[in-house]
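Architecture at a glance
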Amino acid sequence: MALANDPASEIQELTQRINYLNYQYYQNSVSEVSDYDFDMMLERLQQLEHQHPELRLPNSPTQRVGGTITKSFKTVFHKYPMLSLSNTYSEEDLREFDKRVRKIVGDEVEYVCEQKFDGVAISLTYENGEFVQGATRGDGTRGDDITANVRTIRDIPLQVHGNDLPESFEVRGEVFLPLQVFEQLNAEREEAGEQLLANPRNAASGTLKQQDSAIVASRRLGCFSYGFMSSSSPFDTHSESLQAIQKWGFKVSDTWRKCSSIDTVLDYINEWEQKRHELPIATDGVVVKVNSYALQEELGYTSKSPRWAIAYKYPAMSAVSRLLEIQYQIGRTGAVTPVAIMEPVLLAGTVVKRASVHNANEIQRLDLRLGDIVHVEKGGEIIPKITGVDFSKRPADSMPIIYPTHCPACGSELVRAEGEANFYCPNEEGCAPQIQAKLEHFISRKAMNIDELGPKTIEQLYRAGFVHNVADLYDITFEQLVNLERMGEKSANNILNSLEKSKQTPYDRVLFALGIRYVGSTVAKKLAEHFTDIEALRGAMFEELIAVNEIGERIAQSIIQYFSRPEHQELVERLKAAGLQFKSENTAPEMESNKLEGKTFVISGVFESVSRDELQRIIVSHGGKVVSSISAKLSYLVAGDKMGPSKLEKANKLGITILSEGEFLGMVN
Ligand code: IVH
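Since we're looking at a predicted model, the values are computed, not measured. (Residues numbered from 1 in each chain as written. Predicted model: local features only at pLDDT ≥ 70, side-chain atom pairs only at ≥ 80, totals over all residues. Heavy atoms only, no water.)

Throughout the structure, instances matching the rule amount to 32 salt bridges. Note that D367 is salt-bridged to R394, the shortest N-O span being 3.6 Å. Taken together, the residues D367 in the loop between α11 (360-366) and β15 (369-370) and R394 in the loop between β17 (385-389) and β18 (399-400) connect sequence positions 27 residues apart. Here D367 falls in the partly exposed class, since its relative accessible area comes to 34%. What makes R394 partly exposed here is its relative accessible area of 22%. (Salt bridge = Lys/Arg side-chain N within 4 Å of Asp/Glu carboxyl O. Helix = DSSP H or I, 4+ residues; strand = E, 2+ residues; numbered from the N terminus. Buried < 20%, exposed > 50% of the residue type's maximum accessible area, 1.4 Å probe, protein only.)

Moving on to the sheet that holds strand β3 (residues 111-117). Strand order in the open sheet formed by 5 strands is β2-β11-β10-β3-β9, with mixed pairing between adjacent strands. Edge strands, defined here as strands with exactly one partner in the open sheet, are β2 (87-88) and β9 (257-259). Each of β2, β3, β10 (283-290) and β11 (309-313) is contacted by helix α3 (residues 91-105), which is oriented at about 170 degrees to β11, the strand it contacts most. (Pairing = 2+ DSSP bridges. Contact = heavy atoms within 4.5 Å. Axes fitted to C-alpha atoms, helices over the stretch in contact; angles between N-to-C directions.)

A few words on unusual backbone geometry. For R486, which is not glycine, the phi torsion reads 55 degrees and is therefore positive. Mapped onto the fold, R486 is located in the loop between α14 (478-482) and α15 (489-502). Classification of R486 as exposed rests on a relative accessible area of 73%. A positive phi angle is found at Y518, which is not glycine, with a value near 70 degrees. Tracing the backbone through its elements, the reader meets Y518 in the loop between α16 (507-513) and α17 (521-530).

A word on the UniProt feature "binding site: Zn(2+)" (unreviewed entry) in the protein. Per the UniProt record, the feature "binding site: Zn(2+)" (unreviewed entry) sits at C407, C410, C425 and C431. Their sequence span is 25 residues, while the largest C-alpha to C-alpha distance among them is just 8.6 Å; these annotated residues converge on one region. Judged by its relative accessible area of 3%, C407 falls in the buried class. Sequence-distant contacts of C407, that is, excluding residues within four places in its chain, are made with I330, S412, L414, C425 and C431. With respect to the helices and strands, C410 occurs in the loop between β18 and α12 (432-443). Setting aside chain neighbours within four positions, we find C410 in contact with C425, N427, G430 and C431. (UniProt positions renumbered as here; feature names shortened; annotations may be inferred.)

This next bit is on the nonpolar core. Membership of the largest hydrophobic core comes to 54 residues, with the highest contact counts inside it found for F442, L473, L527 and L537. I122, Y126, F169 and C223 belong to the second-largest nonpolar core, a separate cluster that totals 36 residues. (Core = buried A, V, L, I, M, F, W, Y, C linked by side-chain atoms within 4.5 Å.)

For the rest of this paragraph, the subject is the state of the cysteines. Here the structure, examined in full by the defined rule, presents 0 disulfides. C259 forms no disulfide, and the closest cysteine sulfur to it belongs to C113, at a distance of 3.8 Å. Judged by its relative accessible area of 2%, C259 is buried. (Disulfide = S-S within 2.5 Å.)

Here we come to the packing of α12 against helix α13 (residues 455-463). For the pair α12 and α13, interaxial distance at closest approach is 10 Å and the crossing angle is 135 degrees. One element, α12, and the other, α13, form an angle in the oblique class. Crossing of α12 against α13: the hand is right-handed. Here A432, I435, Q436, L439, E440 and I443 of α12 lie close against α13, whose contacting residues are P455, I458, E459 and Y462. Classifying every residue of the contact of α12 with α13 gives 7 nonpolar, 1 polar and 2 charged. (Parallel < 35°, antiparallel > 145°, perpendicular 65-115°, else oblique. Left-handed = near helix turned anticlockwise from the far one by under 90°. Nonpolar A, V, L, I, M, F, W, Y, C, P; charged D, E, K, R; others polar.)

Next up on the list: the pairing of β10. Of all 8 residues in β10, 8 are buried, a share of seventy percent or more. In terms of strand pairing, β3 meets β10 through 7 bridges, oriented antiparallel. Opposite V112, over in β10, you have K289 as the bridge partner. Where β10 meets β11, 5 bridges bridge the pair, whose relative direction is antiparallel. Bridging from a neighbouring strand, G285 pairs with K313 of β11.

As a further point, take helix α8 (residues 238-248). Those residues of α8 that sit buried are H238, S239, S241, L242, A244, I245 and W248. Buried residues along α8 sit in contact with β3, β7 (168-176), β8 (222-229), β9, β10 and α10 (293-299). Looking one or two residues beyond α8, the residue adopting positive phi is G249, at roughly 115 degrees.

The subject of this paragraph is the site of the ligand. Every one of the 13 residues lining the ligand counts as a neighbour, but E114, F117, R137, E174 and K289 are closest to it. Separating an oxygen atom of the ligand from a side-chain N or O atom of K116 is a distance of 3.2 Å. Within the complex, 88% of the 520 Å² of free accessible area of the ligand lies under protein. Secondary-structure elements contributing two or more residues to the shell around the ligand are β3 and β10. Sort the elements by how many residues they give to the shell around the ligand and β3 lands first, with 4 residues. (Near = heavy atom within 4 Å. Polar contact = N/O pair within 3.5 Å; in protein donor to acceptor, adjacent residues only side chain to side chain. Areas by Shrake-Rupley, 256 points an atom, 1.4 Å probe, with all protein chains shown as cover.)

Here we take up the sheet that holds strand β21 (residues 636-639). Strands sit in the order β20-β19-β21-β22 across an open sheet of 4 strands; the sheet is parallel. With partners counted over all chains shown, the strands left at the sheet margins are β20 (625-626) and β22 (657-659), one partner each. One ladder, built from 2 bridges, connects strand β19 (residues 600-604) with β20; its direction is parallel. Across the sheet, residue F601 finds its bridge partner in β20, namely V626. Helix-sheet contacts for helix α23 (residues 645-654) involve β19, β21 and β22, and the interaxial angle to β22 is about 135 degrees.

Quick look at the structure:
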């Protein structure tokens, strides 16, 4: 951002920019700049306001903790404000902090060092040992009541036992999406041709704000607790409280350590700079806290942060390089992804020359030009990304990036559906990289697993004009194969055998292999369980599709769209004729009775003794039918824990009989 040089305009620009970034971060879970850049902007604003207090604007972000409150959850006031921590990036500042502390409370000070977890702050309230409320930080004074979602997190006890329990207390912690789960979620999204989640923190924050707590439960969020608050604390020190809450059942990371001097604090920081990458959650620094509660009280607070704690942040893993080119990759669904090609640069131990730019909007937002000197960062995400441009070094001959209007591979005009960030090449039948990517997906391990056919052979077969779509693979002949370059008879035979063997691949994997947009392997399994053959699936109406657990409107629409195209119908017919499996084996539920014949059910919420799938199976096996929406014709609503309030309200209005889990099971047993 080019800043004005008179203080009044600079203050105004910074205020606007930081407020916007805060809005994006807290409302939309998007971080548009690195933490470092954000902190630098905030620091600059603080400095200017300090020099010119009369110029400070009433909405200045320096006057609040940060963030605002989202509308869709109930707003709750925090009993104890959720403050932030002052940040530092240098040893010098840490020593200053230590000096300030010792000046006030004397030299007998002990610190506790902890990891600074990069997730979402949470406040957990307990009354008489029972978990009663979970809230986000919001603006520090008021946050969102996300109790229902918090209940799904296993690291948070719902009932606490212990003889030293105060009647009412709060625990503070950080909710996170374990890195492994994040990677798995993204792998699933990639498979399904969906946009990837930017990083684990955004994913965790987005998950916590889901309206459906069943989705939250499925994401396996974790929580590290790091703070205890109560009006009558039974503890004298922070370390005692950490030990106690761990005993009570909270998950406390065992990475914390007591340090008796600032030098041992620095040892801790150095020790963890590398080791932190082995933790299940991204961390971006170390929090140093004065251990004694009495001394904490003596040190007190500023309006935004405690004087008894400080966060040391590790420098971001970033580097600077020159942007040489933007390449456009066409995926199997036709999605166009811009990839930045840069001069090779060392970043966090590896040489990097490609970085992701996500989509067309990102190029505009960053104001990227060819030849620019760019900042590249590697955060929680696996692929490095461009986070900014050094405008002061922009070469005079830098070239604006003109986003292609036509597919760079086949020349078709690109399309962009409303509300989508990506452009797509619609030429499914004739765009070479798209066709090859579809073929590669089809043969991949989780799909048909045709291991003898690698991407190289696929390319050769496509170039030779033998294969245009996945059905053509089953028409390849021995002669066609042996005539390919570097192909011996043995390999040709192996390929044919491998293709033959693939005909036994189970139906759900065949469905996944078709590459229908948004149908990843998990969704394909669900579909195959419910629609036990392809006829049932391709004839399914929208309503029937969304009645299946985990199949949403977007997936349903995509399936309907897929089968509406004659070329896809023909493809499926050819694959069927080739002998592929288009039927689930023995998955049709056995009929146990016809007790529920003629009855329709809506299942909502989370259940204790059975899964939703199991409930669905039971209903069908007793002759009942599961539907997705509540109407006057509905026979029963089976209501689990945490079902959506709107569903409940509608059912009550229409006078539908609502069954608890126990009541329903009683009906069939
Ligand atoms: S203590 C008043 N301990 O950092 C201090 N915070 O900038 C309360 N955080 O909102 C926070 N790890 O989300 C504390 N070990 C840790 C932490 C931690 C991460 C986050 C927390 C807070 C932010 C403060």
